Amino acid sequence: MSQEYTLSSTATADTSASAPLLQIRNLEVGFKTQRGFVPAVRGVDLTLHAGKTLAIVGESGSGKSTTAQAIINLLPGAGQVTGGQILFEGKDLTKLSSSAMQNVRGREIGYVPQDPMSNLNPVWNIGFQVEEAIKANGVAQGRAARTRTIEVLKEAGLRDAEDRLKQYPHQFSGGMRQRVLIGIGLSSRPKLLIADEPTSALDVTVQRTILDHLETLTRDFGTSVLFITHDLGLAVERAEQLVVMYKGRVVEAGPSAEILANPMHPYTQKLVAAAPSLASRRIQSARRPETTDHLDISSVGAADDRLIARADARESGTHQDLIRVSNVSKVYNIRKGGFKTDQLKAVDDVSFAIPKGTTMALVGESGSGKSTVAKLVLQLESVTSGSITFDDRDVAGLRGKELLNFRRRVQPVFQDPYGSLDPMYSVGNTIAEPLVAHGVGDRPSRQARVRELLDQVALPASTVNRYPNELSGGQRQRIAIARALALKPDVIVLDEAVSALDVLVQGQILNLITDLQAELGLTYLFITHDLAVVRLVADSVCVMQKGRIVESASTDDVFDNPRQAYTQKLLEAIPGAHFQFGR
Amino acid sequence: MLWYIGRRLLQLIPVFFGATFLIYFMVFSLPGDPIAALFGDRPPAPGVIEAIREQYNLDEPFIVQYFLYIGGILTGDFGTTYSGRPVWDLLVQAFPITFRLAMLALAFEAIAGILVGLIAGLRKGRLFDASALVVSLLLISVPTFVLGFVLQYFLAVEFSLFRTTAGPGAPIQDLVLPALVLASVSFAYIVRLTRASVADNIGADFVRTATAKGLPRRRVVTVHVLRNSLIPVVTFLGVDVGNLMVGAIVTEGIFNINGVGGTVYQAVIRGEGPTVVSFVAVMVIVYMLANLLVDLLYALLDPRIRYAK
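Here is what the cut-offs are and how they apply
Residues numbered from 1 in each chain as written. Chains lettered and ligands numbered in written order. Predicted model: local features only at pLDDT ≥ 70, side-chain atom pairs only at ≥ 80, totals over all residues. Heavy atoms only, no water. pLDDT = per-residue confidence, 0-100. Helix = DSSP H or I, 4+ residues; strand = E, 2+ residues; numbered from the N terminus. Contact = heavy atoms within 4.5 Å. Buried < 20%, exposed > 50% of the residue type's maximum accessible area, 1.4 Å probe, protein only. Pairing = 2+ DSSP bridges. Axes fitted to C-alpha atoms, helices over the stretch in contact; angles between N-to-C directions. Expected span 1.5 Å × (residues − 1). Bend = angle between axes of the 7 residues up to and from the residue. Buried area = accessible area lost by both parts, 1.4 Å probe. Salt bridge = Lys/Arg side-chain N within 4 Å of Asp/Glu carboxyl O. Core = buried A, V, L, I, M, F, W, Y, C linked by side-chain atoms within 4.5 Å. Phe/Tyr/Trp six-rings, centres within 6.5 Å; stacked < 30°, edge-to-face > 60°. Lys NZ or Arg CZ within 6 Å of the ring centre and 35° of its normal.

Engineer: Describe the confidence of the model for chain A, and please don't skip the residues or the numbers.
Structural biologist: All names here are of chain A. The pLDDT averaged across chain A works out to 82; a share of 87% of its residues lies at or above 70. The spread of mean pLDDT over the elements of chain A runs between helix H1 (residues 8-11), the lowest at 40, and strand E6 (residues 109-112), the highest at 94. Across residues 287-304, where pLDDT falls below 50, the model places 13 contacts with residues more than four positions away in sequence or in other chains. Ignoring residues within four places in sequence, the model shows residues 313-318, a span with pLDDT below 50, making 2 contacts including any to other chains.

Engineer: Any chance you could break down unusual backbone geometry for me, citing the residues and the numbers?
Structural biologist: The phi dihedral of Lys247 of chain A falls on the positive side, at around 50°, and the residue is not glycine. Inspection of the secondary structure puts Lys247 of chain A in the loop between strand E9 (241-246) and strand E10 (249-255). Using a relative accessible area of 52% as the deciding quantity, one classes Lys247 of chain A as exposed. The backbone of Asn256 of chain B shows a phi angle near 55°, a positive value even though the residue is not glycine. Within the secondary structure, Asn256 of chain B sits in the loop between helix H11 (249-254) and helix H12 (260-270).

Engineer: Can you explain the pairing of strand E17 (residues 491-495) of chain A? Please cite residues and give values.
Structural biologist: Residue and element names in this part refer to chain A. Of all the 5 residues making up E17, 5 are buried; the element is thus mostly covered by neighbouring parts of the structure. Going residue by residue along E17, you find Val491, Val493 and Asp495 tucked away on one face and Ile492 and Leu494 tucked away on the opposite face as well. Bridge count between strand E16 (residues 410-413) and E17: 4 bridges; the pairing is parallel. Counterpart to Gln411 in the pairing with E17 is Ile492. Here E17 pairs with strand E18 (residues 523-528) via 5 bridges, running parallel. Note that in E18 the partner of Val491 across the bridge is Thr523.

Engineer: Please give an account of the sheet that holds strand E2 (residues 36-48) of chain A that cites residues and values.
Structural biologist: All names here are of chain A. The strand order across the open sheet formed by 4 strands is E2-E1-E4-E5, and the pairing between neighbours is antiparallel. Here the strands that pair on one side only, and so sit at the sheet edges, are E2 and strand E5 (91-92). Here strand E1 (residues 22-33) pairs with strand E4 (residues 79-88) via 8 bridges, running antiparallel. Directly across from Phe31, in E4, lies its bridge partner Gly79. Seen against the sheet, helix H2 (residues 64-71) touches E1, E2 and E4 and runs at an angle of roughly 110° to E1.

Engineer: Explain helix H10 (residues 217-246) of chain B to me, using residue names and the numbers behind them.
Structural biologist: Across its 30 residues, H10 of chain B extends 41 Å between first and last C-alpha, which sits within 8% of the 44 Å expected from 1.5 Å per residue. Leu226 of chain B marks the point of greatest bend in H10 of chain B, at about 40°.

Engineer: Could you give an account of the interface of chain A and chain B, naming the residues involved and the relevant values?
Structural biologist: At the junction of the two partners, chain A supplies 29 residues and chain B supplies 25 residues. Both faces combined, the contact of chain A with chain B buries some 2,500 Å², and carbon together with sulfur accounts for 57% of it. Run the count over chain A and chain B and you get 2 salt bridges. As a salt-bridge pair, Glu132 of chain A and Lys213 of chain B come within 2.8 Å of each other at their nearest N and O atoms.

Engineer: Hey, could you go over the sheet that holds strand E7 (residues 192-196) of chain A for me, with residue numbers and the actual values?
Structural biologist: Residue and element names in this part refer to chain A. The sheet built from 6 strands is open, its strands ordered E6-E7-E8-E3-E9-E10 with mixed pairing. Taken across any chain shown, the strands that pair with only one partner, and hence form the sheet edges, are E6 and E10. On average, adjacent strands in this sheet sit at an angle of 15° to one another, irrespective of strand direction. Looking at chain direction, E9 and E10 are connected through 6 bridges and run antiparallel.

Engineer: Which residues make up the nonpolar core, and what values do they have?
Structural biologist: With 70 residues, the main nonpolar core has Phe95, Leu101, Ile257, Val260 and Phe279 of chain B as its most contacted residues. Taken together, the elements giving at least two residues each to this core come down to helix H1 (2-28), helix H4 (62-74), helix H5 (87-122), helix H8 (172-202), helix H9 (205-212), H10, H12 and helix H13 (273-301) of chain B. Ranked by the residues each element gives to this core, the list is headed by H5 of chain B, at 13 residues. Residues Val413, Ala486, Leu522 and Val537 of chain A belong to the second largest nonpolar core, which totals 36 residues.

Engineer: So what's going on with the packing of aromatic side chains? Residues and values would help.
Structural biologist: Counted under the stated rule, the structure contains 12 aromatic pairs over all chains. Both rings, one in Trp124 of chain A and one in Phe128 of chain A, keep their centres 4.2 Å apart while their planes meet at 15°; by these two values the pair is stacked. Centre to centre, the rings of Phe21 of chain B and Tyr66 of chain B are 5.0 Å apart; their planes meet at 90°, and the pair counts as edge-to-face. Placement of the pair is Phe21 of chain B in helix H1 and Tyr66 of chain B in helix H4, with a sequence separation of 45 residues. With relative accessibility at 30%, the residue Phe21 of chain B sits in the partly exposed group. The ring of Phe172 of chain A carries the charged tip of Arg164 of chain A above its face, separated from the ring centre by 4.0 Å. In this structure, Arg227 of chain B packs its charged tip against the face of Trp124 of chain A, placed 4.2 Å from the ring centre.

Engineer: Report on the pairing of E7 of chain A, specifying residues and quantitative values.
Structural biologist: Residues and elements named next belong to chain A. Extensive coverage of E7 is indicated by the burial of 5 of its 5 residues. Bridge analysis of E6 against E7 gives 4 bridges, and the strand direction is parallel. Within the sheet, the bridge partner assigned to Gly110 lies in E7 and is Leu193. The pairing of E7 with strand E8 (residues 224-229) spans 5 bridges and is parallel.

Here it is, written out as structure tokens:
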């Protein structure tokens, strides 16, 4: 930090080492709703010392974000602190007037929000948004504020800060925006930084770079950090102290390595058990048949035929690949104003095959082209060159009825369980819709099928009449899976299907899809950026980078013996990758 | 940017031709003979009718008439009414008055509407918000002529705050009351639009981040809430410029203002093709320019539109 920007607050920062910087005592926060008062935080205690890092861990709805927001009174309109104290350097923040709180915000306590996409104002340029924080907190004024803005952005890792000041948020990538937000949070050298899921919207590799950078900055500045996260690996790696929250209460607190190695509370134990890490193995379905050669011996002829077919397959080296993607490329034309166009090669000479009844994972960072591959396989977009065959038929030329039949056998499940269900459609209608669209059965038989599907995805039959907004993220994703299963497909393309879910829910969904695979013989194309999840479900893995497949092997090979530097980098980036969780 | 404006201006050409052609066709196919109507009950000498028909090209086929007329407009000749008055004179007389009235109304509805809407949005669910909603609903439901007569009676006749009707040439002070009446419905819509938009934006993540940066509330509201909330309002205002210019017939009638509305109405009644088409052509151009202005304002308010071409 440059010497000319000495802050008034740093003079008094030298308090005795034993006094905690932040102490929350018996905090109660609730929300006024139409159904009355709903408590969200119920008697939370936590202590954070100067220069230390503490993480609050818990699933969504556990009250961890509410606790963080209560500290600098950022609670949404209906929320209010109803009891307890938040002592920051000895003064109770809950008793501050709004103008006194305004002086604490930014100046003494910085805040880095969760979603870099929605947390910068789209209509103001980046320089303006950083400079405004610097001016409001009295760090610098006039021309000095501009210089300081560039400095802050450079610190946050924006190398070409001068040139990018006049650019707008939509011209920045997610990682770059998060750097800007971190810059804003640290611009006034606060004593405490609240980082509310600062990287959960980013790729693992970007996440690692940003967290490393944040760690360096806060160590250099002596800033204490309060992490809010649902990622246990991240918590153990970045924080010395851990507070586990469940339903508004603290269920366990202490040194993070200790808690995760030896969780005491049943909830923490569940969380730890569900956390995917490199040490995990593929989930084996409880319903999976003991032997894979489960032959039907009642009709001898049929068995013989199958044995012969299998022998043929072994000999020719193809294990009955249900989907074969050969040298596929996809080029998009991008308009550049006027009549100029640029070409973007989203998928570049990609080949892979998925044997029937197995799961292939396609892994890569955002922008690697993996979702485009999903769209190509689903025939939502057409290939520029190369071919995709399904059941030995080229899918590119499918039209009309044939295409409809193809769609019936290849179904998608998408990432966002909030966006992929029609809010005006009841669950029953949502699941029955593919049946109606393909004219399968009549009304009573469809209803029976819907009940059967709900049972398969382990939801109560009463869910039929409910609407998506009444359901949790995990329940919604189960419904999306039920909808995909409705037509009894052979293949399901899961595009980041568990990425938006909490660890516990994620674990349940992964178990569910593994069970369904064993039961129905499904083939999965599993697209994700999260390598730790891959290990749990996939038989083989393709790693994509910049539109190309850089490594392709069985799951165990990729994890135990990654050949490409890029794959190694991805594996390294998984938070808590080398931490042995207690099980 | 210039390229964009140029392209938009080029779009004016087909729309201009399309609109004038349609209007010309409609006026042409109106029943009744305008020449006969000109003479009332007294039958004119046979030669006179022939002469007039020839002067106005009424014997030519429709399409030829249309192109002769357009050719005139493009060379600055807007034609004459059947009573011999140049249409250009009517345009120059009526448009400035209506334009002043519309701009006054626009200023009123924009300033007051956005202000009331902003406060209502910030205090959603409280007394001010509830009152604003009731009043705006009232203004939307009450027909303009009722409000016009009521205000005219109380403010002008009883309390003499304004002149009852506009004087000759409609000076600006005589247009204040008509402008209030003209703006009332749009004002109500703007209040509602702004309120909804502000209430929406106040919960946005970037507003919370702005607060977390340590900005004073006043700055958060003006810099981060208001600018984002104005985008839908600006769209409405742009469309409304056209409506205010054209839709002032009732208000102009109540306050005896000699503007566009009255003139067009009279011309339609008399079947005066050239007058109607000339006025409509100007209105179409005003409409399109207003929309172009809105799109440019849009780009000014929202950089994502500016760069996403």
